[in-house]
Amino acid sequence: MSVVRSERRGAVAVLTLDLPEKRNALSTQMRLDLGAALDAAILDKDVRAIVLTGGGGHFCAGGDISEMTLSADPVVAVYRLRLLHHCIRVIHGGQKPVVAAVEGAAAGAGTALAAACDHVVAARNARFSASFVNIGLAPDSGLQFTLAQRIGAGRARRLALEGTTFDAVEAHAMGLVDTLAEPGGALDAALPVAERLAAKAPLAVAAIKSAFAQGAASLDEALALELDLQPRLLGSADHAEAREAFFAKRTPVFSGR
């Protein structure tokens, strides 16, 4: 039985981490099921955006500490990390926008899951932390990259070194959270965001996600990436549709071609 529930809301796939007795900690099974659910949403042509949330009042409590003894074996540690890395790669650099709807705890790798998303909606009383150092570990799940992208390298380093917990209001001020919601209302607030993103041109969305995921290190790298991406988009049916809609003064309807 999967510990990640998947449901459709129009063009939006809602993926819910569903291990409430462990506050949706990232067990090996959770990593497998989340990867499979993300892959299915990416491959589904009728899905244009994804919402990632947690059941039972929490987003994700991070790694499952009860399984961490297994990772004393380096082979097992690499396997479990690679399962989680696949999820992070799909969320951060995959072709479809992902919106996080955060309630309760988003600790450690839970914060990393949120930081990898394109838009983070969080209940005001949600709690975040880069708490790996508190259990003798360094950040994983891409957090050193994604958190720095969102809030800046200096602040990300300080949070990782201190391992402090901070609420959604503080996270919003930092730039980790994009939209604040009332407690219990994160999913309802996230769905309209996902629907807006779902209405955008899919090829352009995929190109934008790819460009930011690669993170050009210089202006020259950014310009070279444009030369690769933009000519293909200029020749797409979606761009032609947008031009026609502009002159006809109507809303474009994108096909992803």
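**Overview of the overall build of the protein chain**
Thought 1: Counting its regular elements, the protein chain contains 10 helices and nine strands.
Thought 2: The C-alpha atoms of the protein chain give 19 Å as radius of gyration, which agrees with the globular expectation for 257 residues (18 Å, within 12%).
Thought 3: Dimensions of the protein chain, computed from the C-alpha atoms along their principal axes, are close to 60 × 40 × 35 Å.
Thought 4: In the protein chain, the proportion of contacts linking residues at least 24 apart, taken out of those at least 6 apart, comes to 72%.
Thought 5: Separation of charge centres in the protein chain, based on 26 positive and 27 negative side chains, amounts to 3 Å.

**Examining the side chain of Asp238**
Thought 1: Within the element layout of this structure, Asp238 appears in helix H10 (residues 237–248).
Thought 2: The buried charged residue Asp238 lacks any salt bridge partner; its closest oppositely charged side chain belongs to Arg48, at an N-O distance of 6.5 Å.
Thought 3: Every residue in contact with Asp238, bar those within four places of it in the chain, is listed here: Ala201, Pro202, Leu203, Phe254, Ser255, Gly256 and Arg257.

**Describing the pairing of strand E1 (residues 4–9)**
Thought 1: Relative to strand E2 (residues 12–17), E1 runs antiparallel, the two sharing six bridges. The residue bridging Arg5 from the neighbouring strand is Thr16, located in E2.
Thought 2: Counting the residues in the hairpin turn of E1 and E2 gives two residues, including Gly10, whose phi is positive at 65°.

**Notes on the environment of His58**
Thought 1: Tracing the sequence through the fold places His58 in the loop between strand E3 (49–54) and helix H2 (74–93).
Thought 2: With relative accessibility at 18%, the residue His58 sits in the buried group.
Thought 3: Taking the C-alpha atoms as reference points, His58 and Gly104, separated by 46 residues in sequence, lie 4.2 Å from one another.
Thought 4: Not counting residues within four places of it along the chain, the set of residues in contact with His58 comprises Arg23, Asn24, Glu103, Gly104, Ala105 and Arg127.

**Concerning the packing of aromatic side chains**
Thought 1: Per the stated rule, a full pass over the model turns up two aromatic pairs.
Thought 2: Ring centres of Phe128 and Phe166 lie 6.1 Å apart, and the angle between their planes is 20°; this geometry places the pair in the stacked category. Here the residue Phe128 occupies a position in strand E7 (residues 127–129), and Phe166 occupies one in strand E8 (residues 165–167), the gap between them amounting to 38 residues. For the pair Phe128 and Phe166, a shared accessibility class is recorded, and that class is buried.
Thought 3: When the centroid spacing of 5.2 Å and the interplanar angle of 80° are considered together, the rings of Phe246 and Phe247 count as edge-to-face.

**Some details on helix H5 (residues 153–162)**
Thought 1: Among the residues of H5, those classed as buried are Ala156, Leu159 and Ala160. Buried residues in H5, looked at end-on, bunch into an arc of 100°, giving them a common side. Exposed residues pointing more than 90 degrees away from the buried face of H5 are listed as Arg157 and Leu161.
Thought 2: Tucked inside the fold, the buried residues of H5 contact helix H4 (143–151), E8 and helix H6 (168–174).
Thought 3: Just downstream of H5 lies Gly163, where phi reads positive at about 65°.

**Some remarks on the environment of Gly55**
Thought 1: If you trace the backbone, Gly55 turns up in the loop between E3 and H2.
Thought 2: In sequence terms Gly55 and Val4 are 51 residues apart; their C-alpha atoms lie 9.3 Å from each other.
Thought 3: Filtering out sequence-adjacent residues up to four positions away, Gly55 remains in contact with Arg5, Thr16, Leu17, Pro20 and Asn24.

**Let's talk about unusual backbone geometry**
Thought 1: The backbone phi angle of Asn24 is positive, close to 60°, even though this residue is not glycine.
Thought 2: Along the chain, Asn24 turns up in the loop between E2 and helix H1 (28–43).

**Structural notes on the nonpolar core**
Thought 1: Within the largest apolar cluster, 51 residues are counted, with the highest numbers of intra-cluster contacts made by Leu52, Phe59, Val102, Leu113 and Phe128.
Thought 2: Membership of the second largest hydrophobic core comes to 14 residues, among which are Val14, Val51, Val99 and Ala194.

Reading the values: rules and limits
Residues numbered from 1 in each chain as written. Predicted model: local features only at pLDDT ≥ 70, side-chain atom pairs only at ≥ 80, totals over all residues. Heavy atoms only, no water. Helix = DSSP H or I, 4+ residues; strand = E, 2+ residues; numbered from the N terminus. Rg over C-alpha atoms; globule rule 2.2 N^0.38 Å. Contact = heavy atoms within 4.5 Å. Lys, Arg positive; Asp, Glu negative; His and termini not counted. Charge placed at Lys NZ, Arg CZ, Asp CG, Glu CD. Buried < 20%, exposed > 50% of the residue type's maximum accessible area, 1.4 Å probe, protein only. Salt bridge = Lys/Arg side-chain N within 4 Å of Asp/Glu carboxyl O. Pairing = 2+ DSSP bridges. Phe/Tyr/Trp six-rings, centres within 6.5 Å; stacked < 30°, edge-to-face > 60°. Arc of directions from axis to C-beta. Core = buried A, V, L, I, M, F, W, Y, C linked by side-chain atoms within 4.5 Å.

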